[in-house]
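# Breakdown of the fold
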Amino acid sequence: RTFNRLSLKSGKFGIVTLHRPSNVDDPQTLEEILRALGKLKGMLPLVFPVHPRTHRNIRLFGLSASLESSGVIATEPQGYLDFLNLECHARLMITDSGGIQEETTWLGVPCLTLRRNTVRPATIRVGTNRLAVPGELPGLVQSILNGSWPSGRIPELWDGRTAERIVSVLSGL
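Residues numbered from 1 in each chain as written. Predicted model: local features only at pLDDT ≥ 70, side-chain atom pairs only at ≥ 80, totals over all residues. Heavy atoms only, no water.

## Focus on the pairing of strand β4 (residues 92-95)
Of the two faces of β4, the one carrying Leu92 and Ile94 and the one carrying Met93 and Thr95 are both buried. Pairing of strand β1 (residues 14-16) with β4, which is carried by 3 bridges, proceeds in the parallel orientation. Bridge assignment links glycine 14 to a residue of β4, and that residue is leucine 92. For β4 and strand β5 (residues 111-113), the ladder comprises 3 bridges, and the chain directions are parallel. (Buried < 20%, exposed > 50% of the residue type's maximum accessible area, 1.4 Å probe, protein only. Helix = DSSP H or I, 4+ residues; strand = E, 2+ residues; numbered from the N terminus. Pairing = 2+ DSSP bridges.)

## What to know about the nonpolar core
One finds Leu34, Leu37, Phe48, Ile94, Leu112 and Leu137 to be the most contacted residues of the largest nonpolar core, which totals 27 residues. Only α3 (27-38), β2 (46-49), β4 and α9 (137-145) provide two or more residues apiece to this core. Among all residues touching isoleucine 94, those that are not within four sequence positions of it are Ile15, Val16, Thr17, Leu37, Leu40, Leu112, Leu114, Leu137 and Val141. If you look at the next biggest cluster of nonpolar residues, it comprises 11 residues, including Ile15, Val47, Met93 and Ile100. (Core = buried A, V, L, I, M, F, W, Y, C linked by side-chain atoms within 4.5 Å. Contact = heavy atoms within 4.5 Å.)

## Some thoughts on the sheet that holds β5
The strand order across the open sheet built from 6 strands is β3-β2-β1-β4-β5-β6, with neighbouring strands paired in parallel fashion. With one partner strand each, in any of the chains shown, β3 (73-75) and β6 (129-131) form the two edges of the open sheet. With direction set aside, neighbouring strand axes in the sheet form an average angle of 20 degrees. Relative to β3, β2 runs parallel, the two being bridged by 3 bridges. Its bridge partner being in β3, phenylalanine 48 is matched across the sheet by alanine 74. (Axes fitted to C-alpha atoms, helices over the stretch in contact; angles between N-to-C directions.)

## Overview of helix α7 (residues 98-107)
Among the residues of α7, those classed as buried are Gly98, Ile100, Gln101, Thr104 and Thr105. Down the axis of α7, the buried set is contained in an arc of 160 degrees. They therefore lie on one face. Check the buried side of α7 and you find it contacts α6 (80-89), β4, β5, α8 (121-125) and β6. The backbone nitrogen of glycine 99 has a side-chain oxygen 3.4 Å away, supplied by the residue at the start of α7, namely serine 97. Glycine 108 sits one or two positions beyond α7 and adopts a positive phi of about 80 degrees. (Arc of directions from axis to C-beta. Polar contact = N/O pair within 3.5 Å; in protein donor to acceptor, adjacent residues only side chain to side chain.)

## Details of α9
When α9 is considered as a whole, its buried residues turn out to be Leu137, Leu140, Val141, Ser143 and Ile144. Angular distribution of buried residues about the axis of α9 spans 160 degrees; they occupy a single face of the element. Residues of α9 that are buried sit in contact with α3, β4, β5 and β6. Where α9 ends, the next residue or the one after it, glycine 147, has phi of about 85 degrees, a positive value.

Now the structure itself:
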């Protein structure tokens, strides 16, 4: 398991995931994000399972040195269970993934979404997630680490009983 192999301490590291074309297909945008991650060096270790698309573009755009100097712990992509294990123990998440916004909400892990919008607005409404641009990361991460991040909650109807409700509706037809 990655969590154990990297000798990380529960609650003492963050995770980064990036794969959206808007973040990784433009050399300037990707470089800006890597520079912003570098400004987090010393705040807490960041584990970055690098998506194949992102990895390819880092090489293609000549940004390997930027990745290395950012101080993140770049790893291979993780399987679902290994990644979920990381998420369960992370202090925070920096991502552009919609699914991860939902997972971190359920797990109670503060999430910073590097996008201008989200298809998971419930996570914003309940306070578990915030949209961010790269330049805001140091201040937002510091607020999470200082404990001044608002306490979020799990949205209504995220109770694991969706199938029961669907069956009830279909039975009434």
